[in-house]
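Chain and residue survey
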Amino acid sequence: MKNFYKNKKVLITGNTGFKGSWMTQMLLLLGADVTGISLRPGTAPSLYEILHQGNNINEYIVDIRDFEQVLNIFHKEKPEIVFHLAAQPIVIASYKEPRYTYDVNVMGTVNICECIRRSASVRSFVNVTTDKVYQNNEWEFPYRETDRLDGFDPYSNSKSCSELVTASYARAFFKGRDIAVSACRAGNVIGGGDFSGFRIIPDCYRDTVSGKGIAVRNPNSVRPYQHVLEAVNFYLLAAKMQMDDSSLAGNYNVGPEYSDCIKTSEVCDLFCGFWGGEARWEAIETQGPHEANLLRLDTSKAKSRLGWRPVWDVKRAIKETVQWYKAFSDGGDMAGVTEGQIKTYLSEGKV
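Residues numbered from 1 in each chain as written. Predicted model: local features only at pLDDT ≥ 70, side-chain atom pairs only at ≥ 80, totals over all residues. Heavy atoms only, no water.

1. Structural notes on the overall build of the chain
For the chain, the count of helices and strands is 13 helices and 13 strands. A compact globule built from 351 residues would reach a C-alpha radius of gyration of about 20 Å, and the chain, at 19 Å, matches this within 12%. Taken along the three principal axes of its C-alpha coordinates, the chain extends 55 × 45 × 40 Å. The buried share of the chain, taken over its 351 residues, is 55%. Expressed as a percentage of contacts within the chain between residues at least 6 apart in sequence, the contacts between residues at least 24 apart total 80%. As presented, the chain carries roughly 14800 Å² of accessible surface, and 48% of it is formed by carbon and sulfur atoms. Each charge class in the chain was averaged separately, 41 positive and 41 negative side chains, and the resulting centres sit 5 Å apart. (Helix = DSSP H or I, 4+ residues; strand = E, 2+ residues; numbered from the N terminus. Rg over C-alpha atoms; globule rule 2.2 N^0.38 Å. Buried < 20%, exposed > 50% of the residue type's maximum accessible area, 1.4 Å probe, protein only. Contact = heavy atoms within 4.5 Å. Areas by Shrake-Rupley, 256 points an atom, 1.4 Å probe, with all protein chains shown as cover. Lys, Arg positive; Asp, Glu negative; His and termini not counted. Charge placed at Lys NZ, Arg CZ, Asp CG, Glu CD.)

The structure is reproduced here in structure tokens:
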């Protein structure tokens with residue numbers, strides 16, 4: 001990975017977000033030349049600002065719906081590899097602003113695909129979507145890449161549409177041009193530096209440091225939890241391998257082992273156990289909009305075609321996450337902590 005990414009020109013949309021910031025930091029460690037297109041961070045604090053990443057990349061604070069500006073950036077920076085992470089990513093927010101959600105998640109993807117179509121430099125494109133793109137029938141068995149795309153809520157459905165847009169561009173425009181394209185569907189990612197609303201780990205952190213009990217909306221919901229580095233590492237691996245061999249391009253589920261698909265209540269138990277002290281949680285009554293209760297992914301394709309395996313199980317993922325937040329609360333060197341976790345993950349993955 002280091003030999004491949006060193007000096008590669010890589011463009012990330014949504015780089016100021018939680019997952020985008022972890023990806024940026026890993027790429028910088030690998031020696032890549034990183035360009036970021038994103039809105040300003042949507043949270044305060046934000047991992048992007050904590051790590052001062054704007055000083056180390058080619059930064060463009062641009063809305064991906066502004067096609068002309070985005071196209072000019074592509075022409076100027078001439079990226080070889082593109083990761084599309086920019087999105088309105090919150091299910092509950094999508095119920096409040098469905099039009100905005102579709103505008104960003106669908107037309108934003110159209111704009112990125114169109115920029116790639118007009119680019120002479122791009123050779124590898126990864127569209128980062130979600131495990132929620134599938135028509136969720138609350139099945140016990142995990143979803144495979146061949147299952148129907150039909151997300152229920154506006155967020156999930158807009159990401160299903162984003163994949164259809166990508167597939168159309170891949171067939172119609174990229175197939176004969178040596179541009180490899182994949183869509184990667186990750187489960188719930190956790191890790192230090194996520195300060196978003198309506199997500200279980202950030203809620204655990206906020207409620208705990210404020211001295212309150214953690215309020216849990218859906219304690220019995222089952223999700224495929226994994227550390228953010230698992231997903232980021234897979235995206236980088238997929239982009240590399242499909243650029244080397246275009247036959248490896250395609251749709252991929254990215255998730256933990258089956259045993260790490262656990263209930264929200266179990267996540268909270270683990271968080272409180274690793275945090276210690278007075279950390280505690282309680283279930284609350286809620287009349288919120290529909291959210292899936294059971295969702296698992298089959299990752300056989302990623303394992304068999306790309307040789308990928310998860311490195312950290314859910315317990316380790318939560319432990320590393322808690323350690324990050326505790327260091328942040330204590331005023332620690334967060335660039336050092338973040339890079340230390342990346343290096344530890346990569347070294348353990350190599351073994």
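2. A few points about the packing of aromatic side chains
Counted under the stated rule, the structure contains 16 aromatic pairs. Judged by centre distance (6.0 Å) and plane angle (90°), the rings of F195 and Y325 are edge-to-face. Placement of F195 in the loop between β7 (189-190) and α8 (200-209) and of Y325 in helix α12 (residues 314-329) is noted, with a sequence separation of 130 residues between them. Y325 carries the same exposure label as F195, and that label is buried. Ring plane angle 15° and centroid distance 5.6 Å describe the contact between F271 and W275, whose orientation is recorded as stacked. (Phe/Tyr/Trp six-rings, centres within 6.5 Å; stacked < 30°, edge-to-face > 60°.)

3. Some points on the side chain of T129
Here T129 shows up in the loop between β5 (124-128) and α7 (154-174). Only 2.7 Å separates the side chain of T129 from the side chain of E163, close enough to count as a polar contact. Contacts of T129, omitting those with residues within four sequence positions, involve K159, E163, C184 and R185. (Polar contact = N/O pair within 3.5 Å; in protein donor to acceptor, adjacent residues only side chain to side chain.)

4. Here we look at the nonpolar core
Soluble globular proteins tend to pack their nonpolar side chains together in the buried interior. Counting 70 residues, the largest nonpolar core has Y5, F83 and F234 as the members making the most contacts within it. For this core, the element with the highest residue contribution is helix α9 (residues 228-244), accounting for 11 residues. Non-local contacts of F234, meaning those with residues more than four positions away in its chain, are made with C184, Y252, V254, A302, L306 and W308. Core analysis: the second largest hydrophobic core is formed by 26 residues, V104, C113, F125 and F174 among them. (Core = buried A, V, L, I, M, F, W, Y, C linked by side-chain atoms within 4.5 Å.)

5. A short note on the pattern of salt bridges
Under the counting rule described, the total for this entry stands at 16 salt bridges. Of the charged contacts in the structure, one is a salt bridge between R65 and D103, with a shortest N-O distance of 3.0 Å. Residue R65 is found in the loop between β3 (58-61) and α4 (67-77), and its partner D103 is found in helix α6 (residues 98-117); the two are separated by 38 residues along the sequence. Classification of R65 by relative accessible area gives partly exposed; the value is 33%. Among the ionic pairs, K212 bridges to D207, the shortest N-O distance being 3.8 Å. (Salt bridge = Lys/Arg side-chain N within 4 Å of Asp/Glu carboxyl O.)

6. Details of the environment of Q226
Along the chain, the position of Q226 falls in strand β10 (residues 226-227). A relative accessible area of 2% places Q226 in the buried class. Linking Q226 and V189, residues 37 residues apart in sequence, is a C-alpha distance of 5.1 Å. Dropping the residues within four chain positions of it, Q226 is found in contact with A186, G187, N188, V189, I190, A231, V254, G255, P256 and A317. A distance of 3.1 Å separates the side chain of Q226 from the backbone oxygen of V254, its partner in a polar contact.

7. Focus on the sheet that holds strand β6 (residues 180-186)
As summarised here, the arrangement of the 7 strands in space is β3-β2-β1-β4-β5-β6-β11, forming an open sheet in which the pairing is parallel. Of all the strands in the sheet, the pair left with one neighbour each is β3 and β11 (251-254). Across the sheet, the mean angle separating the axes of adjacent strands is 15° when strand polarity is ignored. Sheet analysis places strand β1 (residues 9-13) next to strand β2 (residues 33-38), joined by 5 bridges and oriented parallel. (Pairing = 2+ DSSP bridges. Axes fitted to C-alpha atoms, helices over the stretch in contact; angles between N-to-C directions.)

8. Digging into α9
Taking 1.5 Å per residue, 17 residues should reach 24 Å; α9 reaches 25 Å between its end C-alpha atoms and fits that length. Taking burial as the measure, the 17 residues of α9 include 14 buried ones, the bulk of the element. (Expected span 1.5 Å × (residues − 1).)

9. What to know about helix α2 (residues 18-29)
Given a rise of 1.5 Å per residue, 12 residues ought to cover 16 Å, and the 17 Å separating the end C-alpha atoms of α2 matches this to within 8%. With respect to burial, α2 is a largely interior element, 10 of its 12 residues being buried. Along α2, the residues that are buried comprise F18, K19, G20, S21, W22, M23, T24, Q25, M26 and L27. G31 sits one or two residues past α2 and shows a positive phi near 90°.

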